[in-house]
Amino acid sequence: MEITLTGITTTGTPHLGNYVGAILPAIEASRRTDVQSFYFLADYHALVKCHDPALVHRSRLEVAATWLALGLDVENVIFYAQTDIPEILELSWILTCVTAKGLMNRAHAYKAAVAENMTEADKDPDKGVTMGLFCYPILMAADILMFNAHKVPVGRDQIQHLEMARDIAARFNHFYGEHFVLPEAVVDDKTAVLVGLDGRKMSKSYGNTIPLFEPEKALRKLIMRIKTNSLPPEAPKDPDGCTLFQIYQAFATTEETAALRARYASGIGWGEVKQMLFEYLNERLSEPRQRYHELLAQPTYIEQILKQGAVRAREYSAPFLHKLRHAVGIRPLQK
Ligand code: TRP
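Residues numbered from 1 in each chain as written. Predicted model: local features only at pLDDT ≥ 70, side-chain atom pairs only at ≥ 80, totals over all residues. Heavy atoms only, no water.

**Quick word on helix H4 (residues 86-96)**
To be explicit about the condition: Here's how the labels work: a residue is buried when its accessible area is under 20% of the maximum for its type, exposed when over 50%, partly exposed in between, all with a 1.4 Å probe on protein chains only. In DSSP terms, a helix is any run of H or I states spanning at least four residues, a strand is any run of E spanning at least two, and both are numbered starting from the N terminus. What the arc describes is the spread of directions from the helix axis to the C-beta atoms. Whether two residues are in contact is decided by their heavy atoms: any pair within 4.5 Å suffices.
Along H4, the residues classified as buried are Glu-87, Ile-88, Leu-91, Ser-92, Ile-94 and Leu-95. Within H4, the buried residues cover an arc of 165° as seen down the axis, which keeps them to one side. The elements touched by buried residues of H4 are helix H7 (131-145), helix H8 (159-176) and helix H13 (299-328).

Structure, rendered in structure tokens:
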């Protein structure tokens, strides 16, 4: 059976951009019965970016609760925390020993950090660069190769990491025999990239997001803050390039979108569009929002779901790691 696998880094509170770009398509895919899907919380990856224990802890809970509140089918997919699968770290080291340093030198995130350092007065290329950041793609390769995933749904920014995982897998296979499938990135061109409050891409790093489960009042306030131009209500408006329209479109049906487009053409006030967008989002989000808050109050239940997922995942990872250790020569001394 085809295996698909994807990781969700547990940093920060999920926002509308995450929802339309990654969460929604993944939850829809979680109901497929023709593939075996693995979805996991990349909580070891979270340590690369975040050294605040309270935040790391809170974010795991929030991300897991979000996915469950939105209807992730945990009977069908194997849903677990990376940190509950010790075999992944063990594999990560084994892979580290076949990975060329030169390959890691080329990673975009690492290169960006170095380039940023070089713009500063002391020009220290290594400033703030941990080995965790440098080796991030190896850990990610271990996540994927541990379960011999064929397909890995990811955002465009992760394509290079998948190429690296293939490189590392091929190198291991070359030394030790054909153990790994070469994984493929699946990038969905149709999924929307949402624009944030200020008109730039919605992203935690720009601080321009709309958190998915913001309480009703705060949600309304954020939507009212979205930047628009200063055209008067009666003036015809261009929906393309309008943040309000784009967010609406990401949620609405084709017919609903066409109807709003017509209203833009005949003139509609920004206040009215904002109110309409708020009501539309609020109606769709209020039910999962309530479930989300109920789940946040049941951490023991969430933990139990993750642990059950880990048991299922380890049915694959434990025997496979045993085989890999054997392949590299870590075997019982006696024949
Ligand atoms: N690096 C991914 C991201 O930032 C998260 C991730 C970690 C991942 N391990 C993975 C994604 C394995 C897919 C497969 O989005």
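There's plenty left to go through after this.
**Observations concerning the packing of aromatic side chains**
Let me state the cut-off plainly: Pairing of aromatic rings covers Phe, Tyr and Trp, the last through its six-membered ring, and needs centres within 6.5 Å; plane angles under 30 degrees mean stacked, over 60 mean edge-to-face, and all others mean tilted.
Scanning all chains against the criterion turns up 16 aromatic pairs. Ring geometry for Tyr-39 versus Trp-67: centroids 5.9 Å apart, planes at 75°, classification edge-to-face. On the criterion of sequence distance, the pair formed by Tyr-39 in strand E2 (residues 35-42) and Trp-67 in helix H3 (residues 53-69) is long-range, its members being 28 residues apart. As far as burial versus exposure is concerned, Tyr-39 and Trp-67 are alike and both buried. Measuring from centroid to centroid gives 4.8 Å for Phe-172 and Tyr-176, while their planes differ by 45°, and the two rings are tilted.

**Re the pattern of salt bridges**
Here is the rule we go by: By convention in these notes, a salt bridge is any Lys or Arg side-chain nitrogen within 4 Å of a carboxyl oxygen on Asp or Glu.
All told, the structure shown has 14 salt bridges when counted by the stated rule. The residue Glu-62 makes a salt bridge to Arg-58 at a minimum N-O spacing of 3.0 Å. With Glu-62 and Arg-58 both in helix H3 and four residues apart, this pair spans about one turn of that helix. For Lys-307, the salt bridge goes to Glu-303, with nearest N and O atoms at 3.8 Å. Taken as a pair, Lys-307 and Glu-303 lie in helix H13 at a separation of four residues, close to a single helical turn. Residue Lys-307 is classed as partly exposed on the basis of its relative accessible area, which comes to 40%. Exposure remark for Glu-303: the relative accessible area of 34% places this residue in the partly exposed category. Via salt bridges that share partners, Asp-84, Glu-303 and Lys-307 belong to a single interconnected network.

**Comments concerning the site of the ligand**
Put simply, the test is: When at least one non-hydrogen atom of a residue lies within 4 Å of a molecule or strand, that residue is treated as near it. As used in this structure description, the phrase polar contact means that two N or O atoms lie within 3.5 Å; if the pair is within protein, one of them must be able to donate a hydrogen and the other to accept it, and residues adjacent in sequence are counted only when both atoms belong to side chains. The Shrake-Rupley method, run with a 1.4 Å probe, gives the accessible areas here. Residue values count only the displayed protein chains as cover. Nonpolar residues are Ala, Val, Leu, Ile, Met, Phe, Trp, Tyr, Cys and Pro. Charged residues are Asp, Glu, Lys and Arg, and all others, Gly as well, are polar.
In the vicinity of the ligand there are 14 residues, among which Thr-9, His-45, Tyr-136, Asp-143 and Gln-158 approach most closely. Residue Asp-143 places a side-chain N or O atom 2.7 Å away from a nitrogen atom belonging to the ligand. Measuring from a nitrogen atom of the ligand, one finds a side-chain N or O atom of Gln-158 at 3.0 Å. Starting from 360 Å² of accessible surface for the ligand in isolation, the protein chains cover 88%. Those elements giving two or more residues to the shell around the ligand turn out to be strand E1 (2-9), E2 and H7. Grouping the constituent residues of the shell around the ligand by class yields eight nonpolar, five polar and one charged.

**A few points about the domain arrangement of the chain**
In plain terms, the rule: Note that the domain bounds reflect an automated or database-derived domain assignment. Note on terms: buried area is the combined drop in 1.4 Å-probe accessible area of two parts once they are placed together, counting the loss on both.
Annotation of the chain at the domain level lists domain 1 (2-192 + 298-328) and domain 2 (213-294). Computed from C-alpha atoms alone, the centre-to-centre distance between domain 1 and domain 2 is 34 Å. Across the contact, 10 residues belong to domain 1 and 10 residues belong to domain 2. Across the domain 1 to domain 2 interface the summed buried area is about 880 Å²; carbon plus sulfur atoms make up 70%. Joining domain 1 to domain 2, the criterion identifies zero salt bridges. When contributions to the side of domain 1 that touches domain 2 are tallied by element, the ones reaching two or more residues are helix H1 (16-29) and H3. With four residues, the top contributor of residues to the side of domain 1 that touches domain 2 is H3. Here the side of domain 1 that touches domain 2 is built from residues that sort into seven nonpolar, two polar and one charged.

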